[in-house]
Amino acid sequence: MSILPITKNRYNYILRKFVDKNCYENTVEFLNRNGYLTKISHQEDEDLPEIMLIMSPEQRKVAIKFNDSFSFDVTYNLLKNRSKDGKQWGIGVFTTFDTNLRIKPVAFCLILR
């Protein structure tokens, strides 16, 4: 099984649903129902979350096994869509190294800023 079970189509589906506030709760429920770990950070006056961390069950196993060091990087140029209030989406990636020094992604973040 792939360490990145989120296909391009599934990722586009998640992002499309995430932007629409009415479907936001359904998206989080869909991810949790399929075994994904989601952590969400809200600001008090915002409807959409400021940060949403997504980790698949396979990524969680890798994170537990190779938890010596993690790296985090954010880019704001991968997603051209903006939220309805004009904020820009960023994608953050947590990575670690396995015993053969291969980079393994362990979590993804959607960041609204």
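Rules behind the numbers
- Residues numbered from 1 in each chain as written.
- Predicted model: local features only at pLDDT ≥ 70, side-chain atom pairs only at ≥ 80, totals over all residues.
- Heavy atoms only, no water.
- Phe/Tyr/Trp six-rings, centres within 6.5 Å; stacked < 30°, edge-to-face > 60°.
- Helix = DSSP H or I, 4+ residues; strand = E, 2+ residues; numbered from the N terminus.
- Buried < 20%, exposed > 50% of the residue type's maximum accessible area, 1.4 Å probe, protein only.
- Core = buried A, V, L, I, M, F, W, Y, C linked by side-chain atoms within 4.5 Å.
- Contact = heavy atoms within 4.5 Å.
- Pairing = 2+ DSSP bridges.
- Axes fitted to C-alpha atoms, helices over the stretch in contact; angles between N-to-C directions.

## Focus on the packing of aromatic side chains
Aromatic ring pairs are defined here through the distance separating the ring centres and the angle between the ring planes. A complete count under the given rule lists one aromatic pair for this structure. With a centroid separation of 4.4 Å and an interplanar angle of 40°, the aromatic rings of F72 and F94 are classed as tilted. Here the residue F72 occupies a position in strand β3 (residues 71-75), and F94 occupies one in strand β4 (residues 89-97), the gap between them amounting to 22 residues. Assessed through its relative accessible area of 40%, F72 is described here as partly exposed.

## What about the nonpolar core?
L53, M55, V62, A63, F66, V106, A107, C109 and I111 together form the largest nonpolar core, which totals nine residues. Counting residues per element, the ones that place at least two in this core are β2 (51-55), α3 (57-65) and β5 (103-112). Sort the elements by how many residues they give to this core and β5 lands first, with four residues. Those residues within four positions of M55 in sequence are excluded, and the remaining contacts are G35, Y36, L37, R60, A63, V106 and A107. The next biggest cluster of nonpolar side chains, apart from the first, holds eight residues, and it includes I14, L31, M52 and I54.

## Quick look at unusual backbone geometry
A positive phi angle, close to 60°, is found at L101, a residue other than glycine. Mapped onto the secondary structure, L101 falls in the loop between β4 and β5.

## What about the sheet that holds β4?
Strand order in the open sheet made by the five strands is β1-β2-β5-β4-β3, with antiparallel pairing throughout. The open sheet terminates on both sides in strands that have one partner only, identified here as β1 (37-41) and β3. Put simply, the sheet's adjacent strands are angled 20° from each other on average, direction ignored. Pairing of β4 with β5 involves nine bridges; the strand directions are antiparallel. Counterpart to T96 in the pairing with β5 is K104. In the packing of α3 onto the sheet, contacts are made with β1, β2, β4 and β5, and the angle to β5 comes to roughly 120°.

Coordinates in, geometry out; function isn't part of it.
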